[in-house]
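Observations on chain architecture
Residue strings, one per chain:
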Amino acid sequence: MWYTNNTMEHNNEIISEQELNTKVSVLNVIEGTSVDGVGLRTSIYFAGCCHHCEGCHNPHSWDITNGNMVSIRELIEVIRENDFNVTFSGGDPLYQIKEVTILAKAIKQMLGKTIWCYTGYIYEDIKDDTKYAELLSHIDVLVDGPFKLNLRDTSLPFRGSSNQRIIYLQNQ
């Protein structure tokens, strides 16, 4: 296995009704994809991104208003129904840090799924920032770094450019 599932550490947390009703801006949910992490996954593409990478495969995702407002509860039901592990992509999931943190916590507590998260941020720049700490505690694998057109490499698994790294957070 490529990752460790730390579900047990999150079982004592409580997801409130208010949190389940929280809305997040989502561009798309793709069920059963194999390009956004190991195995078949439910990939959630969040709206909103501040990186605006040259050559971005999804510039439509930069504007948060291009997404549809979906509740955490609705996303949990989709994930429960298809029973795949989960990937957060976008846009940049960290653009909606509060909402995505609630979703990650709910996925871990209620479903016990692994989570991959793609971000244009560099891990070292966010790992000690309290704004991101709770989300990172629920993420199994982080794919970090902005897409760089001059470093584009289609031979790399699960990444678009050679500067991006696959970081196993739960194996540290």
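Everything discussed here concerns the structure shown above.
The following paragraphs examine the structure supplied in this document. (Residues numbered from 1 in each chain as written. Predicted model: local features only at pLDDT ≥ 70, side-chain atom pairs only at ≥ 80, totals over all residues. Heavy atoms only, no water.)

Below, the discussion takes up the side chain of Thr33. If you trace the backbone, Thr33 turns up in strand β1 (residues 23-33). Residue classification places Thr33 among the buried residues on the basis of a relative accessible area of 12%. A polar contact of 3.4 Å, which involves the side chain of Thr33, links it to the backbone nitrogen of Val35. Setting aside anything within four residues of it in sequence, one finds Thr33 in contact with Gly39, Leu40, Arg41 and Ser43. (Helix = DSSP H or I, 4+ residues; strand = E, 2+ residues; numbered from the N terminus. Buried < 20%, exposed > 50% of the residue type's maximum accessible area, 1.4 Å probe, protein only. Polar contact = N/O pair within 3.5 Å; in protein donor to acceptor, adjacent residues only side chain to side chain. Contact = heavy atoms within 4.5 Å.)

A few words now on the nonpolar core. Across soluble globular proteins, nonpolar side chains show a tendency to be buried alongside one another. Residues Ile44, Phe88 and Leu103 are the most contacted members of the largest nonpolar core, which totals 33 residues. For this core, the elements supplying multiple residues, two or more each, are β1, β2 (41-46), α3 (72-82), β4 (85-90), α4 (97-111), β5 (115-118), α5 (123-126) and α6 (130-138). In terms of residue count, α4 provides more of this core than any other element does, eight residues in total. The residues contacting Leu103, other than those within four sequence positions of it, are Ile44, Phe46, Ile72, Leu75, Ile76 and Phe88. Counting residues in each nonpolar core, the second largest holds five residues, with Trp116, Tyr118, Val143 and Phe158 among its members. (Core = buried A, V, L, I, M, F, W, Y, C linked by side-chain atoms within 4.5 Å.)

This paragraph deals with the packing of α3 against α4. Packing of α3 against α4 leaves a shortest axis separation of 10 Å and a crossing angle of 40 degrees. Judged by the angle between their axes, α3 and α4 are oblique. Classified by chirality, the crossing of α4 by α3 is right-handed. Facing α3, whose interface residues are Ile72, Leu75, Ile76, Ile79 and Arg80, α4 presents Glu99, Ile102, Leu103, Ala106, Ile107, Met110 and Leu111. (Axes fitted to C-alpha atoms, helices over the stretch in contact; angles between N-to-C directions. Parallel < 35°, antiparallel > 145°, perpendicular 65-115°, else oblique. Left-handed = near helix turned anticlockwise from the far one by under 90°.)

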